[in-house]
Amino acid sequence: MIRRHYFLSGLAILLALSSASYAQSQTKRIILKDGSYQLASKWQLTGDRVRFFSVERNDWEEIPESLVDWNATNQYEKDRAAGRDTPEAVALDKEMEAARAEEEAKSPQVVPGLRLPPEGGVYALDTYLSQPELLPLDQTGGEVNRHTTHNVLHGVINPIGGAKHTIELPGPSAKVQVHAASPVLYINVDASAETTEDEKTKGLELPWDRFRLVRAEIKGDKRIVGAIKTAVYGKSSQEQEVIPATAEQFGEGWIKLTVKAPLQPGEYAIAELLGKQGMNSYVWDFGVHPEAPANLAVIKPEQPQGKTPASESPAVEKRFLPAIIH
């Protein structure tokens, strides 16, 4: 059995990636007495501790002051300020360039100033009040309605027919409402997936292009996103109203879904097809309504330097649950 966890970001506004030249000019080294060093943009001495902002981990950290070789640290900064390209300075520039390229691949830019989060997730690129913004889509668990009464009656009328089960979402509309008629969808759920080596050797690793955009049918206070038919001999097949879209790999681990025609107002979901296992009963749902109010959880383009962006909220964990009908 495949065990996977999807970590989806809630309310988040990303810190923009700095340009290579800016990052290099702001990066310093705290050289330690054992010859190693910490990459930092700034630091301060507090008692017997050195508090510094780590460039590699993008967070504040502390080390004992007794571990720091201040003579080597100060000399290194003097050499860089004087423009002397020491071997250490050249190596640092290469390290920073490689780190920047890796970070940009994990957090690719979708429009100028707006990047996807490096931890992955599922997002819709929307336009609201003429401004682009990324909307995080949460997973919603679908209930499998087995139509028990109907199956009994149907079995009497047509005993060779198969059973039908529908995957239903609670409520007539999704919490997230997209305003643009042609939203671009970005998916990276493998960033936090757990697939064992044993599962890979058994051929259970899933293809990257297994995601589909489907339209939900509203029935009362529920939305139906798919149906599964099971024949009397046990074979199952899925039925969804699939929206034509182009899938392509984007950056490191991301999948980009682009619809081929504008979407009609209504309710939609991103579904994951699992081959012989059926369809994942957890989907990423959203609606398309141009007149909908503003969404609360959005990622907007980077703010001008000097302004502090809002902090990122913790990721929300969702457990993978395939809809398998026996």
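Residues numbered from 1 in each chain as written. Predicted model: local features only at pLDDT ≥ 70, side-chain atom pairs only at ≥ 80, totals over all residues. Heavy atoms only, no water.

1. Description of the overall build of the protein chain
Along the protein chain, the regular secondary structure elements total five helices and 25 strands. Looking at the 326 residues of the protein chain, the share that counts as buried comes to 38%. When contacts within the protein chain are restricted to residue pairs at least 6 apart in sequence, those whose partners lie at least 24 apart make up 68%. (Helix = DSSP H or I, 4+ residues; strand = E, 2+ residues; numbered from the N terminus. Buried < 20%, exposed > 50% of the residue type's maximum accessible area, 1.4 Å probe, protein only. Contact = heavy atoms within 4.5 Å.)

2. Structural notes on the packing of aromatic side chains
A complete count under the given rule lists five aromatic pairs for this structure. Between Tyr-123 and Trp-254, the ring centres sit 6.3 Å apart and the planes meet at 55°, which makes this aromatic pair tilted. Separated by 131 residues along the polypeptide, Tyr-123 in strand β8 (residues 121-128) and Trp-254 in strand β20 (residues 254-259) bring together distant segments of the chain. Among the residues examined, Trp-254 registers a relative accessible area of 1% and is labelled buried. Here Tyr-186 and Phe-250 contribute two aromatic rings whose centre-to-centre distance is 5.5 Å and whose plane-to-plane angle is 45°, an arrangement assigned as tilted. You can see Tyr-186 sitting in strand β14 (residues 184-188) and its partner Phe-250 sitting in strand β19 (residues 245-250), a full 64 residues away along the chain. On the accessibility criterion, Phe-250 (18% relative accessible area) is buried. Cation over ring: Arg-51 sits above Trp-60, and NZ or CZ is 4.3 Å from the ring centre. Over the face of the ring belonging to Phe-250 we find Lys-256, whose NZ or CZ atom lies 5.5 Å from the ring centre. (Phe/Tyr/Trp six-rings, centres within 6.5 Å; stacked < 30°, edge-to-face > 60°. Lys NZ or Arg CZ within 6 Å of the ring centre and 35° of its normal.)

3. Regarding the sheet that holds strand β5 (residues 59-64)
The pairing of strands in a sheet happens through backbone hydrogen bonds and is either parallel or antiparallel. Taken in spatial order, the four strands line up as β2-β3-β4-β5 in an open sheet, and their pairing is antiparallel. Each edge of the open sheet carries a strand with a single partner, namely β2 (28-31) and β5. The sheet shows a mean angle of 50° between the axes of neighbouring strands, direction not considered. Bridge count for strand β4 (residues 49-54) against β5 is six bridges, and the pairing is antiparallel. Residue pairing for β5: Arg-51 is matched across the bridge by Glu-62. Against the sheet, helix α2 (residues 70-81) contacts β2, β3 (37-46) and β4, and its axis sits at roughly 160° relative to β2. (Pairing = 2+ DSSP bridges. Axes fitted to C-alpha atoms, helices over the stretch in contact; angles between N-to-C directions.)

4. Side note on α2
With twelve residues, α2 should reach 16 Å at 1.5 Å per residue; the first-to-last C-alpha distance of 16 Å fits that figure. Within the span of α2, buried status applies to Thr-73, Tyr-76, Glu-77 and Asp-79. Buried residues in α2, looked at end-on, bunch into an arc of 160°, giving them a common side. With respect to the buried face of α2, the exposed residues turned more than 90 degrees away are Asn-71, Lys-78 and Ala-81. Between the side-chain oxygen at the start of α2 and the backbone nitrogen of Asn-71 there is a gap of 3.4 Å, and the oxygen is on Asp-69. The first or second residue beyond α2 is Gly-83, which carries a positive phi of 80°. (Expected span 1.5 Å × (residues − 1). Arc of directions from axis to C-beta. Polar contact = N/O pair within 3.5 Å; in protein donor to acceptor, adjacent residues only side chain to side chain.)

5. Here we look at the side chain of Ser-107
Take Ser-107: it is sitting in the loop between α3 (87-106) and β6 (109-111). Residue Ser-107 is classed as buried on the basis of its relative accessible area of 4%. Only 2.3 Å separates the side chain of Ser-107 from the backbone oxygen of Leu-116, close enough to count as a polar contact.

6. Quick look at unusual backbone geometry
Trans peptide bonds make up the majority, and among non-glycine residues the majority have a negative phi. Backbone geometry places Leu-129, a non-glycine residue, at a positive phi of 55°. With respect to the element layout, Leu-129 can be found in the loop between β8 and β9 (131-136). Even without a glycine there, the phi angle at Ser-130 is positive, about 70°. Tracing the backbone through its elements, the reader meets Ser-130 in the loop between β8 and β9.

7. Some details on the confidence of the model for the protein chain
Looking at the protein chain as a whole, its pLDDT mean stands at 75, while 65% of the residues score no less than 70. Mean pLDDT across the elements of the protein chain bottoms out in helix α4 (residues 148-157) (31) and peaks in strand β13 (residues 177-178) (98). Low pLDDT, under 50, characterises residues 1-24; the stretch is placed with 92 contacts to residues that sit more than four places away or in other chains. (pLDDT = per-residue confidence, 0-100.)

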